[in-house]
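Report on the structure
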Amino acid sequence: MPSLRAPLSRLFTVLLAGALAGLVLALAVLPGGLLGGQVAKAALGAYAELPAALRTPAQPQRSYLYASDGKTLITTFYDVNRTDVPLAEIAPVMRQAIVAAEDRRFYSHGGADLRGIARALVANVRGGGTEQGGSTLTMQYVRNVLKTDPTRTAEERQAATEQTVGRKIQEIRYAAALEKTLSKDEILNRYLNIAYFGSGAYGVAAASQRYFGKAPADLTLGEAALLAGLVQSPDEYSPIDGDKARAVERRAYVLDSMADTGAITAAQAAAAKAEKLTLHPTAQPNGCTAVAQGHDDWGFFCDYLRQWWLAQPAFGNTVKEREQALRRGGYTVVTSLDPKVQQTAQQQATAVYGYDNKRALPIAAVEPGTGRVLAMAVNRHYSLDGNPAGQANRPNTVNPLISGGDSVDGYQAGSTFKMFTMLAALEAGRTLSTGFDAPAKLPTRYDAEGEGTCDGKWCPANANPQWMDGYRMMWDGFGRSVNTYFVWLAEQIGPAKAVEMAQRLGITFRADSDAAFAKDNAENWGAFTLGVAATTPLDLANAYATVAAEGTYCTPMPVVSVTAANGEKVAVGQPSCKKVLDTDVARAATDAARCPVGQQSAYGQCNGGTATSVDRIVGRPVAGKTGSSEQNATETFVGFTPQVAVAGIAADPDDSTDLVGSPVQARVIDAVARVIKTAVSGQPVKDFTAPSRELAGDPQRPKPQPTPRPDQPQQQDRGIPSDILRWLQNRRG
């Protein structure tokens, strides 16, 4: 098989031979001292002209994404499969092999081996054999840098390999300049980190992994000789993509050459040549659809991180520059993904619904006080693979079902939005003991028509009058999820305050209709407190994390640290937090949020909840809220401790008219609670701080309220009655 390395044309060979032969003759007749002085002067002059890439290499390198432990590899990003390693991490036999194969006089010449060039030119002019290049390792390094430099234009990169006398002479000058400024070992290290070894592997680190599945420090003599033999014609000799027999022949040549140079003995060479070629091909993952085997659920988090990266000015002025930085910059990214929390979240999501179920349970976990995203799970494979006809997003999808964006607006989260009304009321001066005799149906000031109205006004109702009606304060109004209490409370302070509170805590209105209502008619959005706006598990978890952090909002953050290829930390990844709530207000809301999960408030005012099983599962101080949308189309639970907030929403991502049904609520509650338990496992037990007496108020009730027996099953949050949805649809036209 002929070599794929393009031979010099006969005319170019003759011209180059004449030019360089003349240079060799001129240098040969110069006095020794003058020769040294002239070369040094020429080299220093050439160094002043060196391209920046030769002074400070900026070659494309693969970026690595790790989980929060800094060890578990999620995936890598690259245009070029390459990673720099120091010379000390490359096996000595690999260094010896490359010198023996490509440049035996490497440690004795000054960058351009004129004797070798002349010998190669004579051989090439005579013909009849394999073309000889005559380029030293230093010259090859110069050529490799210039033809791959990402800062140069395509035309400039192409010119670096043109077969012209001028290009060759410039290459010699640059090589001589480098030899005057860099040590031989540094040049060798740079060469080994940029040379192409075939099969998509650039540099010895990538090649060691690609062919043998090991680090370059662990290469054996035979393996090193094989890799060194590839660089002359990597595509032809590659034992994976090329000719394995020729790769073995080339390995034998390198071993003999090593013996000739004295790097190894003839016996060692013979033993290595007798070894059977054993490969362990390892393909490096590239991008979010190539996450670690068996963990394609990590792809949703990976995609969220990538979107975050593309918005960071630290990685470039444009999205294109930031994308290029991720794929070519050689970054080491330690993400916030906690493998244990992620595993539990994925197990719980798929326990509720299988991968092929049209319904989904996206779950997100966030750390209060930092905003770091610990887990993003859903019963889907993050994959570009096709789906059966009629199954748009299952079992494979790359849509952001957990975080929202693109075509994903989110899902109604029902009564979990009562938190925003409660916070707004507390901030407006109301106390936790604010009482109201909640009726089964509540006539409001909002005009409405049709069924479910009261004298032309919207008239919301309680889903479970027997359990919800009666005198309520914030504690049991929240614990029992009393619709008429919270619609009344929203009227007292104005619905716009609840809308603004939700936005302040990070709720994003991705649906156009929600965004328009929030912007133009928030004061008349009476049903907002009942969770009719779409949201995502990530937004909801982070909003409740703000309450858990006693009023400190942190922008969701998918990374812990980012380190550049040169080892310097990039100034990103630090929590971006601000105080958005008074501490006592947040503590008061948390105190009421103890009621739904079966725990007791600091003032002893909880008397029933919609998620009482959470107390038993988590086994430490916890708070939270259930939510059911109209006719149980979606079921939601969000829970939190001082160390983690987790939200899950059961929904059909492709069909909002597909009702998940009330029976799944208990399973959603159980799933989220178990994720919380995993997240806090091994961490110290932390209690919530009680709110002030001032914000608690005077919790006097006109009559005692019945407390469920310990063995009484928890009540369901039955969601929004149908008349509310009809009213909302009428309001939106």
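Residues numbered from 1 in each chain as written. Predicted model: local features only at pLDDT ≥ 70, side-chain atom pairs only at ≥ 80, totals over all residues. Heavy atoms only, no water.

Scanning the protein from N- to C-terminus turns up 29 helices and 21 strands. Residues counted as buried form 55% of the 733 residues belonging to the protein. Long-range contacts, defined here as pairs at least 24 residues apart, represent 73% of the contacts in the protein between residues at least 6 apart. Here the protein has roughly 29300 Å² of accessible surface; of this, 50% comes from carbon and sulfur atoms. (Helix = DSSP H or I, 4+ residues; strand = E, 2+ residues; numbered from the N terminus. Buried < 20%, exposed > 50% of the residue type's maximum accessible area, 1.4 Å probe, protein only. Contact = heavy atoms within 4.5 Å. Areas by Shrake-Rupley, 256 points an atom, 1.4 Å probe, with all protein chains shown as cover.)

In this structure, P395 follows R394 across a cis peptide bond, with omega equal to 0°. Positionally, P395 belongs in the loop between β8 (381–382) and β9 (396–397). With phi around 55°, S199 is a residue other than glycine that occupies positive phi space. For S199, the position within the fold is in the loop between α9 (184–194) and β4 (201–202). S199 sits in the buried class, given a relative accessible area of 13%. Backbone geometry places S481, a non-glycine residue, at a positive phi of 55°. Following the sequence through the fold, S481 ends up in the loop between α20 (474–479) and α21 (483–493). Given a relative accessible area of 0%, S481 falls into the buried group.

Looking now at the side chain of T76. Structurally, T76 can be placed in strand β2 (residues 73–77). With a relative accessible area of 0%, T76 lands in the buried category. If near-sequence neighbours (up to four positions away) are discounted, T76 is found in contact with R62, S63, Y64, Q284, P285, N286 and G287.

For the rest of this paragraph, the subject is the sheet that holds strand β19 (residues 623–628). Read across the open sheet, the 5 strands follow the order β7-β6-β21-β20-β19; overall the sheet is antiparallel. Each edge of the sheet is formed by a strand with only one pairing partner; in this case those strands are β7 (373–377) and β19. The mean inter-strand angle of the sheet, taken between neighbouring strand axes irrespective of direction, is 5°. As paired elements, strand β6 (residues 363–366) and strand β21 (residues 645–650) share 4 bridges and run antiparallel to each other. (Pairing = 2+ DSSP bridges. Axes fitted to C-alpha atoms, helices over the stretch in contact; angles between N-to-C directions.)

So, about the side chain of D652. Along the polypeptide, D652 turns up in the loop between β21 and α27 (665–680). The buried charged residue D652 lacks any salt bridge partner; its closest oppositely charged side chain belongs to K358, at an N-O distance of 4.8 Å. A polar contact of 3.0 Å, which involves the side chain of D652, links it to the backbone nitrogen of D654. Not counting residues up to four positions away in its chain, the partners in contact with D652 are K358, R359, D658 and V660. (Lys, Arg positive; Asp, Glu negative; His and termini not counted. Salt bridge = Lys/Arg side-chain N within 4 Å of Asp/Glu carboxyl O. Polar contact = N/O pair within 3.5 Å; in protein donor to acceptor, adjacent residues only side chain to side chain.)

Ordered by their spatial adjacency, 4 strands build an open sheet running β2-β1-β5-β17, and the pairing between neighbours is mixed. Among the strands making up the open sheet, the edge pair consists of β2 and β17 (559–563). The mean inter-strand angle of the sheet, taken between neighbouring strand axes irrespective of direction, is 15°. In this structure, strand β1 (residues 63–66) lies alongside β2, joined through 4 bridges in antiparallel fashion. Its bridge partner being in β2, L65 is matched across the sheet by T75. Contacts from helix α15 (residues 298–309) reach β1, β2, β5 (332–335) and β17, with the element oriented near 45° to β2.

Quick look at the packing of helix α10 (residues 204–212) against helix α11 (residues 221–230) now. When two helices pack together, their arrangement is given by the angle between the helix axes and by the axis-to-axis distance. The N-to-C vectors of α10 and α11 enclose an angle of 115°; their axes lie 11 Å apart at closest approach. As far as their axial angle goes, α11 and α10 are roughly perpendicular. In this structure, α10 crosses over α11, and the sense of that crossing is right-handed. Contacts between α10 and α11 involve A207, S208, Y211 and F212 on the former and, on the latter, E223, L226, L227 and L230. For the contact of α10 with α11, the class distribution of residues is 6 nonpolar, 1 polar and 1 charged. (Parallel < 35°, antiparallel > 145°, perpendicular 65-115°, else oblique. Left-handed = near helix turned anticlockwise from the far one by under 90°. Nonpolar A, V, L, I, M, F, W, Y, C, P; charged D, E, K, R; others polar.)

With that settled, the discussion passes to the confidence of the model for the protein. When pLDDT is averaged across the protein, the result is 87; 85% of the residues are at 70 or more. Counting interchain partners and residues more than four positions distant, the pLDDT-below-50 stretch residues 21–44 has 11 contacts. Note on residues 128–132: pLDDT under 50 across the span, and 9 contacts to partners over four residues away in sequence or across chains. (pLDDT = per-residue confidence, 0-100.)

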